[in-house]
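Now for the letters of each chain:
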Amino acid sequence: MAEVLVYVDHVDGAVRKSTLELLTLARRIGEPVAVALGNGAADTAATLAEHGAVKVLTHEAAEYADYLVVPKVDALQAAVEAVSPAAVLVPSSAEGKEVAARLALRIGSGITTDAVDLEVGDEGPVATQSVFAASFTTKSRVSKGTPVITVKPNSAAVEAAPAAGAVEALAVTFSVQATGTKVTARTPRESTGRPELTEAAIVVSGGRGVNGAENFAIIEALADSLGAAVGASRAAVDAGWYPHTSQIGQTGKSVSPQLYIASGISGAIQHRAGMQTSKTIVAINKDAEAPIFDLVDYGVVGDLFDVVPQLTEEIKTRKG
Ligand code: FAD
């Protein structure tokens, strides 16, 4: 059976959910071989094995933390040369997409980014993408070289599938370019205790209708009752009510959660571009004609200042 490389996104050995989802998709195509790099790489092995990795290629070196993405590209290229995989799957994070693009160029392959599904085709993996603000779904197949495919978080379920997960050291020789851009400072964002926006299973977002930074407290309260991340429309971000890092849409982040709740958001095409692939969409808007209602699964026509706190209380009561 062909092997499929999965690039592991992890923090000091703690594997991110998006990588476990890639293992589910990789198993459709062949045998997943995970590539874990940097501090704690070997510590990822047990989790990866539980989710289907037959092998875990690891390499730890200071370069992965001290420099930008090129050392990781060098390592993935070494893994491709060692394994000759049927495909390389990479999480669609900002870093993942840069690593994948550079890798594809290096190995002379085609690339598909932001896939939301993967299936086996007669001539290789077929990726589904959601394009033009999710008004079209396309299917594509990389026709040159080893397919490099980035996959959006929440595109597949995390499945337990115990496999050997044999750890092997990957031999990596860093290129001259690897040390070209040094990281000079790292400032971790203050933790909100909420899940990362692009990985969250539930996202609760507020827009111009929230009408002030202080009012985002009710959006946050709803999010916290659900264990959700908080997002915002550009109008809310531009008004300075919520950080830019939380903006969802064409010029913000793209999310694809199981549940997306939009409050006081009209549903402009640029906002839809970042959330329309959400599995279930709920909107709360006082204007029954708001375009967001064209794409929702459930819509509430009402004042968010009435509806959102009631919803939060109801969820808290039901959770006990
Ligand atoms: P509005 O469109 O003003 O909608 C506010 C909604 O709140 C209305 O529907 C109103 O009925 C409702 N409302 C008001 N009060 C209440 C209340 N009390 N209770 C319930 N409902 C209420 N936008 C993004 O979001 N993300 C992007 O990445 C993005 N990128 C862009 C890129 C470009 C190049 C351009 C030109 C625009 C971009 N925009 C983006 C902006 C986009 O076009 C819209 O202007 C923006 O999404 C509107 O945000 P909104 O829905 O919060 O505000």
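Residues numbered from 1 in each chain as written. Predicted model: local features only at pLDDT ≥ 70, side-chain atom pairs only at ≥ 80, totals over all residues. Heavy atoms only, no water.

## Some points on the overall build of the chain
Okay, step 1: When helices and strands are counted, the chain shows nine helices and 16 strands.
Okay, step 2: Relative to its full complement of 320 residues, the chain shows a buried share of 50%.
Okay, step 3: Within the chain, counting contacts between residues at least 6 apart in sequence, those at least 24 apart form 65% of the total.
Okay, step 4: Surface accessibility of the chain: about 14,700 Å² in total, with carbon and sulfur atoms responsible for 50%.
Okay, step 5: On the chain, the mean spot of the 26 positive side-chain charges and the mean spot of the 36 negative ones are 3 Å from each other. (Helix = DSSP H or I, 4+ residues; strand = E, 2+ residues; numbered from the N terminus. Buried < 20%, exposed > 50% of the residue type's maximum accessible area, 1.4 Å probe, protein only. Contact = heavy atoms within 4.5 Å. Areas by Shrake-Rupley, 256 points an atom, 1.4 Å probe, with all protein chains shown as cover. Lys, Arg positive; Asp, Glu negative; His and termini not counted. Charge placed at Lys NZ, Arg CZ, Asp CG, Glu CD.)

## Examining the domain arrangement of the chain
Okay, step 1: Taken domain by domain, the chain comprises domain 1 (3–179) and domain 2 (202–319).
Okay, step 2: Between the C-alpha centres of domain 1 and domain 2 the distance comes to 31 Å.
Okay, step 3: If you look at the interface, domain 1 gives six residues, while domain 2 gives nine residues.
Okay, step 4: At the junction of domain 1 and domain 2, the tally comes to zero salt bridges. (Domains from an automatic or database assignment. Salt bridge = Lys/Arg side-chain N within 4 Å of Asp/Glu carboxyl O.)

## Concerning the nonpolar core
Burial of nonpolar side chains together is a common tendency in soluble globular proteins.
Okay, step 1: With 25 residues, the main nonpolar core has Leu48, Val56, Leu89, Leu118 and Ile149 as its most contacted residues.
Okay, step 2: Looking at this core, the elements with two or more residues in it are β1 (3–7), α1 (17–29), β4 (31–37), α2 (45–50), β6 (87–91), β7 (111–121) and β10 (148–151).
Okay, step 3: Among the elements that make up this core, the one with the highest residue count is α1 (six residues).
Okay, step 4: Those residues in contact with Leu89 that sit more than four places away from it in its chain are Val4, Leu5, Val6, Tyr7, Leu22, Leu25, Ala26, Leu118 and Ile149. (Core = buried A, V, L, I, M, F, W, Y, C linked by side-chain atoms within 4.5 Å.)

## A closer look at the pattern of salt bridges
Okay, step 1: According to the stated counting rule, one finds 17 salt bridges in the structure shown.
Okay, step 2: Ionic pairing is found between Lys72 and Glu95, a salt bridge with its closest N-O pair at 2.9 Å. Placement of the pair is Lys72 in helix α4 (residues 70–83) and Glu95 in helix α5 (residues 94–107), with a sequence separation of 23 residues.
Okay, step 3: The class of Lys72 is buried, set by a relative accessible area of 15%.
Okay, step 4: Here Glu95 falls in the partly exposed class, since its relative accessible area comes to 34%.
Okay, step 5: Note that Lys316 and Glu313 form a salt bridge whose closest N and O atoms lie 3.9 Å from each other. Here Lys316 pairs with Glu313, and both are found in helix α9 (residues 304–319), just three residues apart, close to one helical turn.

## Let's talk about the packing of α4 against α5
Okay, step 1: Here α4 crosses α5 at 50 degrees, and the two axes come no closer than 9 Å. With respect to α5, the axis of α4 lies oblique. You can see that α4 and α5 cross each other, and the crossing is right-handed. On α5, the residues that touch Val70, Lys72, Val73, Asp74, Leu76, Gln77 and Val80 of α4 are Glu95, Val99, Arg102, Leu103, Arg106 and Ile107. (Axes fitted to C-alpha atoms, helices over the stretch in contact; angles between N-to-C directions. Parallel < 35°, antiparallel > 145°, perpendicular 65-115°, else oblique. Left-handed = near helix turned anticlockwise from the far one by under 90°.)

## Regarding the environment of Ala79
Okay, step 1: Position of Ala79 among the secondary structure elements: in helix α4.
Okay, step 2: You can call Ala79 buried: its relative accessible area is 0%.
Okay, step 3: Residues Ala79 and Val35 lie 44 residues apart in sequence; the distance between their C-alpha atoms is 7.5 Å.
Okay, step 4: Excluding anything up to four places from it in sequence, Ala79 contacts Leu5, Val35, Leu57, Ser84 and Leu170.

## Looking at the layout of surface pockets
Okay, step 1: Put simply, the second largest pocket is a space of about 480 Å³.
Okay, step 2: Forming the boundary of the second largest pocket are 24 residues, of which Arg208, Ser233, Gly264, Ile265 and Ser266 lie nearest the centre.
Okay, step 3: Contributions of two or more residues to the lining of the second largest pocket are made by α7 (234–238), α8 (269–272), β15 (280–285) and α9.
Okay, step 4: Of the residues contributing to the lining of the second largest pocket, the split by class is seven nonpolar, 13 polar and four charged. (1 Å grid on protein atoms, 1.4 Å probe; cavity = no way out; pocket = protein on both sides within 12 Å on 5 of 7 lines; lining within 4 Å. Points joined across faces, edges and corners; volume = space filled by probe spheres on them. Nonpolar A, V, L, I, M, F, W, Y, C, P; charged D, E, K, R; others polar.)

## Digging into the sheet that holds strand β5 (residues 55–59)
Within a sheet, neighbouring strands are paired by backbone hydrogen bonds and run either parallel or antiparallel to one another.
Okay, step 1: Read from one edge to the other, the open sheet built from nine strands follows the order β9-β8-β7-β10-β6-β1-β4-β5-β11, with strand pairing classed as mixed. The sheet is open, and its two borders are formed by β9 (136–141) and β11 (166–169), each paired with just one other strand. With strand direction ignored, the average angle separating the axes of adjacent strands in the sheet is 35 degrees.
Okay, step 2: Across five bridges, the pairing between β1 and β4 is parallel. The residue bridging Glu3 from the neighbouring strand is Glu31, located in β4.
Okay, step 3: Of the strands in this sheet, β1, β4, β5 and β6 are in contact with α4, which crosses β1 at around 170 degrees.
Okay, step 4: Where α5 meets the sheet, it contacts β1, β6, β7 and β10, and its direction lies at approximately 170 degrees from that of β10. (Pairing = 2+ DSSP bridges.)

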